[in-house]
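Single-letter residue listing:
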Amino acid sequence: MRRTELVLLVLAASVTLLITRRVRYDVVGLITMLSLILLGLVNPERALENFGSTSVLLLVALMIVSGFLSESGLLEVLGEFVTSRVRSEKVAVGLILVATAFISGFVSDVALTLSFLPLVVYISSKLGRARSKYLIPLSYSAILGVGTR
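What counts and what doesn't
- Residues numbered from 1 in each chain as written.
- Predicted model: local features only at pLDDT ≥ 70, side-chain atom pairs only at ≥ 80, totals over all residues.
- Heavy atoms only, no water.
- Helix = DSSP H or I, 4+ residues; strand = E, 2+ residues; numbered from the N terminus.
- Expected span 1.5 Å × (residues − 1).
- Bend = angle between axes of the 7 residues up to and from the residue.
- Buried < 20%, exposed > 50% of the residue type's maximum accessible area, 1.4 Å probe, protein only.
- Arc of directions from axis to C-beta.
- Contact = heavy atoms within 4.5 Å.

A.B. asks: Looking at this structure, I do not really get helix 7 (residues 109–127). What am I missing?
C.D. replies: Within an α-helix, residues lying three or four positions from one another point in the same direction, as the helix has 3.6 residues per turn. With 19 residues, helix 7 ought to run about 27 Å at 1.5 Å a step, and its terminal C-alpha atoms sit 25 Å apart, in line with that. If you look at helix 7, its biggest bend is around 40°, right at Leu117, and the proline Pro118 turns up within four residues after that. Here helix 7 has its buried residues at Ala111, Leu112, Thr113, Leu114, Phe116, Pro118, Leu119, Val120, Val121, Tyr122, Ile123 and Ser124. Two residues or fewer after helix 7 comes Gly128, characterised by a positive phi angle close to 70°.

A.B. asks: Before we go on, may I ask you to explain helix 8 (residues 132–143) in this structure?
C.D. replies: Taking 1.5 Å of rise per residue, 12 residues should cover 16 Å, and helix 8 covers 16 Å from first to last C-alpha, within 8% of that figure. Taken together, the buried positions of helix 8 are occupied by Tyr134, Leu138, Ser141 and Ala142. With its buried residues spanning 95° around the axis, helix 8 presents them on a single face. Exposed side chains of helix 8 directed beyond 90 degrees from the buried face belong to Tyr140 and Ile143. The elements touched by buried residues of helix 8 are helix 6 (89–103) and helix 7.

See the structure below:
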């Protein structure tokens, strides 16, 4: 088989695994990377060079912090506080978006969105609404945030 055909085969297998959701997406990523290395399509140094990137390390650290906040119950307490004090769904979402817009002036947009993600997911499930209704405005609010950078 030619290189192009092998790459397309690995890509098709990865997409199939992602669509079927039988294997977690992080495991699919590792399988894909290992397949490309073992087939000689990518050398190991090239495949691993981005893991040392500051951006990747920051996102991994934020995912760990975000997971910790979710598991600790702190986000549930904060989400419960917001949903119990504010009766209007629009006001609750507005508060989160304003806070996100303000904080994004001092913190990376991606990092902020990642940090607020579990809180927004909790509030959307508490209010019985689709997550996308809140997550998309959250990301826009982080991008359009105020402040100096």
